[in-house]
Amino acid sequence: MIAAIRPLLPLLWRVAVALLGTFAALGLCALAGLLIPVPIPIALGLAAGVLWWLLHVGIARAEPLYTPELDLETGYILPDAQDMRVRRLEDLIHGAQPNRRMTSRGLARVLGDIADERARDPNAPPLSSGLRRLIADARHPDPQSHPVGPIDRRALHRYLRELADGEERDR
(Lines give C-alpha, C1' and ligand atoms only; values in the text may rest on other atoms or scores of the structure.)
Protein backbone atom coordinates (compact mmCIF):
# COMPACT_ATOMS: atom_id res chain seq x y z
CA MET A 1 0.00 0.00 0.00
CA ILE A 2 2.87 2.34 0.79
CA ALA A 3 4.37 1.63 -2.65
CA ALA A 4 1.12 2.82 -4.24
CA ILE A 5 1.16 6.06 -2.23
CA ARG A 6 4.87 6.82 -2.79
CA PRO A 7 4.39 8.56 -6.22
CA LEU A 8 1.66 10.74 -4.67
CA LEU A 9 3.74 11.92 -1.68
CA PRO A 10 4.94 15.13 -3.36
CA LEU A 11 1.32 16.01 -4.16
CA LEU A 12 0.08 15.13 -0.68
CA TRP A 13 2.65 17.15 1.25
CA ARG A 14 2.18 20.20 -1.06
CA VAL A 15 -1.60 20.04 -0.55
CA ALA A 16 -1.08 19.65 3.22
CA VAL A 17 1.25 22.68 3.36
CA ALA A 18 -1.20 24.75 1.29
CA LEU A 19 -4.09 23.71 3.56
CA LEU A 20 -2.07 24.60 6.67
CA GLY A 21 -1.32 28.01 5.17
CA THR A 22 -5.00 28.47 4.37
CA PHE A 23 -6.03 27.52 7.94
CA ALA A 24 -3.41 29.90 9.32
CA ALA A 25 -4.88 32.69 7.16
CA LEU A 26 -8.37 31.68 8.34
CA GLY A 27 -7.20 31.86 11.97
CA LEU A 28 -5.70 35.32 11.42
CA CYS A 29 -8.96 36.48 9.83
CA ALA A 30 -10.89 35.13 12.85
CA LEU A 31 -8.59 37.03 15.26
CA ALA A 32 -9.24 40.19 13.26
CA GLY A 33 -12.98 39.62 13.60
CA LEU A 34 -13.57 38.58 9.99
CA LEU A 35 -15.55 35.36 9.80
CA ILE A 36 -15.13 33.37 6.56
CA PRO A 37 -17.05 30.15 5.84
CA VAL A 38 -14.65 27.18 6.14
CA PRO A 39 -15.38 25.39 2.79
CA ILE A 40 -14.06 28.32 0.73
CA PRO A 41 -10.54 28.33 2.29
CA ILE A 42 -10.41 24.53 2.10
CA ALA A 43 -11.19 24.64 -1.64
CA LEU A 44 -8.61 27.41 -2.14
CA GLY A 45 -5.99 25.43 -0.18
CA LEU A 46 -6.59 22.28 -2.22
CA ALA A 47 -6.39 24.23 -5.48
CA ALA A 48 -3.21 26.01 -4.39
CA GLY A 49 -1.56 22.70 -3.41
CA VAL A 50 -2.42 21.06 -6.72
CA LEU A 51 -1.21 24.07 -8.72
CA TRP A 52 2.05 24.12 -6.75
CA TRP A 53 2.54 20.40 -7.49
CA LEU A 54 1.75 20.89 -11.22
CA LEU A 55 4.28 23.72 -11.44
CA HIS A 56 6.90 21.51 -9.78
CA VAL A 57 6.21 18.33 -11.77
CA GLY A 58 5.12 19.93 -15.00
CA ILE A 59 2.38 18.85 -17.34
CA ALA A 60 3.26 15.97 -19.60
CA ARG A 61 2.96 17.08 -23.17
CA ALA A 62 1.47 14.84 -25.79
CA GLU A 63 3.79 13.61 -28.50
CA PRO A 64 3.51 15.60 -31.68
CA LEU A 65 1.28 14.00 -34.25
CA TYR A 66 3.06 12.39 -37.14
CA THR A 67 1.45 13.03 -40.48
CA PRO A 68 3.07 11.31 -43.44
CA GLU A 69 4.08 13.37 -46.41
CA LEU A 70 1.55 13.50 -49.22
CA ASP A 71 2.75 11.20 -51.99
CA LEU A 72 2.13 12.82 -55.34
CA GLU A 73 4.07 10.13 -57.19
CA THR A 74 1.86 8.20 -59.58
CA GLY A 75 4.17 5.18 -59.63
CA TYR A 76 1.94 3.35 -57.19
CA ILE A 77 -0.82 2.96 -59.77
CA LEU A 78 -1.35 -0.63 -60.81
CA PRO A 79 0.34 -1.46 -64.09
CA ASP A 80 -3.03 -2.50 -65.56
CA ALA A 81 -4.25 1.08 -65.33
CA GLN A 82 -1.45 2.18 -67.64
CA ASP A 83 -2.86 0.01 -70.44
CA MET A 84 -5.25 2.03 -72.62
CA ARG A 85 -7.50 -0.97 -73.24
CA VAL A 86 -8.00 -1.46 -69.52
CA ARG A 87 -8.63 2.23 -69.03
CA ARG A 88 -11.24 2.26 -71.83
CA LEU A 89 -12.92 -0.78 -70.32
CA GLU A 90 -12.90 0.84 -66.87
CA ASP A 91 -14.43 3.98 -68.37
CA LEU A 92 -17.19 1.99 -70.04
CA ILE A 93 -17.92 0.00 -66.90
CA HIS A 94 -17.96 3.20 -64.84
CA GLY A 95 -20.60 4.59 -67.18
CA ALA A 96 -22.73 1.47 -66.82
CA GLN A 97 -25.25 3.09 -64.56
CA PRO A 98 -28.80 3.79 -65.74
CA ASN A 99 -29.10 6.78 -68.08
CA ARG A 100 -25.37 6.72 -68.79
CA ARG A 101 -23.49 6.33 -72.07
CA MET A 102 -22.48 2.67 -71.79
CA THR A 103 -24.42 -0.01 -73.56
CA SER A 104 -23.99 -3.76 -73.59
CA ARG A 105 -23.06 -3.46 -77.28
CA GLY A 106 -20.24 -1.01 -76.49
CA LEU A 107 -18.92 -3.24 -73.71
CA ALA A 108 -19.07 -6.29 -75.97
CA ARG A 109 -17.15 -4.40 -78.67
CA VAL A 110 -14.39 -3.54 -76.20
CA LEU A 111 -14.29 -7.19 -75.13
CA GLY A 112 -13.99 -8.03 -78.84
CA ASP A 113 -11.01 -5.65 -79.21
CA ILE A 114 -9.33 -7.35 -76.26
CA ALA A 115 -10.11 -10.76 -77.78
CA ASP A 116 -8.51 -9.65 -81.09
CA GLU A 117 -5.29 -8.71 -79.30
CA ARG A 118 -5.42 -11.94 -77.31
CA ALA A 119 -5.77 -13.94 -80.53
CA ARG A 120 -2.18 -12.94 -81.44
CA ASP A 121 -0.92 -15.19 -78.63
CA PRO A 122 -0.38 -18.69 -80.05
CA ASN A 123 -0.66 -20.25 -76.57
CA ALA A 124 -4.03 -18.67 -75.77
CA PRO A 125 -6.87 -21.15 -75.48
CA PRO A 126 -9.88 -20.63 -77.77
CA LEU A 127 -12.74 -18.43 -76.63
CA SER A 128 -15.95 -19.91 -75.33
CA SER A 129 -18.91 -20.08 -77.66
CA GLY A 130 -20.89 -17.62 -75.52
CA LEU A 131 -18.17 -14.94 -75.71
CA ARG A 132 -17.67 -15.51 -79.46
CA ARG A 133 -21.42 -15.14 -80.05
CA LEU A 134 -21.56 -11.98 -77.90
CA ILE A 135 -18.68 -10.38 -79.84
CA ALA A 136 -20.19 -11.35 -83.20
CA ASP A 137 -23.59 -9.88 -82.25
CA ALA A 138 -21.95 -6.66 -81.06
CA ARG A 139 -20.00 -6.26 -84.31
CA HIS A 140 -22.94 -7.01 -86.60
CA PRO A 141 -23.89 -3.92 -88.64
CA ASP A 142 -27.62 -4.38 -88.03
CA PRO A 143 -28.26 -4.01 -84.27
CA GLN A 144 -31.96 -4.77 -84.70
CA SER A 145 -31.45 -8.27 -86.09
CA HIS A 146 -28.63 -9.13 -83.65
CA PRO A 147 -29.43 -7.55 -80.27
CA VAL A 148 -26.90 -7.76 -77.45
CA GLY A 149 -28.49 -8.70 -74.16
CA PRO A 150 -27.44 -7.22 -70.83
CA ILE A 151 -24.11 -8.38 -69.42
CA ASP A 152 -24.38 -9.04 -65.71
CA ARG A 153 -21.47 -8.81 -63.30
CA ARG A 154 -20.90 -12.56 -63.10
CA ALA A 155 -20.76 -12.91 -66.90
CA LEU A 156 -18.44 -9.91 -67.20
CA HIS A 157 -16.04 -11.42 -64.65
CA ARG A 158 -16.16 -14.75 -66.48
CA TYR A 159 -15.39 -13.03 -69.82
CA LEU A 160 -12.56 -10.99 -68.31
CA ARG A 161 -10.97 -14.10 -66.75
CA GLU A 162 -11.25 -15.82 -70.09
CA LEU A 163 -9.56 -12.91 -71.87
CA ALA A 164 -6.82 -12.48 -69.25
CA ASP A 165 -3.19 -13.23 -70.12
CA GLY A 166 -1.89 -16.67 -69.21
CA GLU A 167 -0.10 -15.55 -66.05
CA GLU A 168 -3.16 -13.60 -64.88
CA ARG A 169 -5.42 -16.62 -65.52
CA ASP A 170 -3.26 -18.75 -63.21
CA ARG A 171 -3.85 -16.48 -60.20
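Refer to the structure presented above.
All values derive from a computational prediction rather than experimental measurement.

Account for the overall build of the protein, with residues named and values stated.
Looking only at helices and strands, the protein features eight helices and zero strands. Listing each helix as α and each strand as β along the protein from the N terminus yields α-α-α-α-α-α-α-α. Across the 171 residues that make up the protein, the buried fraction comes to 22%. Sequence separation of at least 24 residues holds for 59% of the intrachain contacts in the protein that already meet a minimum separation of 6. By element, 62% of the accessible surface of the protein is carried by carbon and sulfur atoms, the whole surface being about 13500 Å².

Explain the environment of P150 to me, and be specific about the residues and the numbers.
Relative to the helices and strands, P150 is located in the loop between α6 (129-139) and α7 (153-163). Between the C-alpha atoms of P150 and T103, which are 47 residues apart in sequence, the distance is 8.3 Å.

Mind laying out the packing of helix α5 (residues 104-118) against α7, listing which residues take part and the relevant values?
The N-to-C vectors of α5 and α7 enclose an angle of 15°; their axes lie 10 Å apart at closest approach. Taken together, the axes of α5 and α7 are roughly parallel relative to one another. By crossing handedness, the relation of α5 to α7 is classed as left-handed. Seen from α5, the contacting residues are L107, L111, I114, A115 and R118; seen from α7, they are L156, Y159, L160, E162 and L163. Grouping the amino acids of the contact of α5 with α7 by side-chain chemistry returns eight nonpolar, no polar and two charged.

Residue-level account of the nonpolar core, with values.
Core analysis: the biggest nonpolar cluster contains 17 residues, and L111, L131, L134, I151, Y159 and L163 have the highest contact counts within it. Where this core is concerned, the elements lending two or more residues are α5, α6 and α7. For Y159, the contacting residues outside a window of four places in its chain are L111, G130, L131, L134 and I151.

Got a sec to walk through the packing of aromatic side chains? Specific residues and values, please.
Tallying each qualifying case throughout the model produces one aromatic pair. Ring geometry for W13 against W52: centres 5.4 Å apart, planes inclined by 75°, an arrangement best described as edge-to-face. Of the two residues, W13 is situated in helix α2 (residues 9-31) and W52 in helix α3 (residues 39-57); the sequence distance between them amounts to 39 residues. According to the relative accessible area criterion, W13 is partly exposed, its value standing at 41%. Sitting over the ring of W52, R14 keeps its end group 5.4 Å from the ring centre. Here the guanidinium or amino end of R158 rests over the ring plane of Y159, the centre of that ring lying 5.4 Å away.

Quick notes on the rules
- Residues numbered from 1 in each chain as written.
- Predicted model: local features only at pLDDT ≥ 70, side-chain atom pairs only at ≥ 80, totals over all residues.
- Heavy atoms only, no water.
- Helix = DSSP H or I, 4+ residues; strand = E, 2+ residues; numbered from the N terminus.
- Buried < 20%, exposed > 50% of the residue type's maximum accessible area, 1.4 Å probe, protein only.
- Contact = heavy atoms within 4.5 Å.
- Areas by Shrake-Rupley, 256 points an atom, 1.4 Å probe, with all protein chains shown as cover.
- Axes fitted to C-alpha atoms, helices over the stretch in contact; angles between N-to-C directions.
- Parallel < 35°, antiparallel > 145°, perpendicular 65-115°, else oblique.
- Left-handed = near helix turned anticlockwise from the far one by under 90°.
- Nonpolar A, V, L, I, M, F, W, Y, C, P; charged D, E, K, R; others polar.
- Core = buried A, V, L, I, M, F, W, Y, C linked by side-chain atoms within 4.5 Å.
- Phe/Tyr/Trp six-rings, centres within 6.5 Å; stacked < 30°, edge-to-face > 60°.
- Lys NZ or Arg CZ within 6 Å of the ring centre and 35° of its normal.

Structural measurements only, silent on function.
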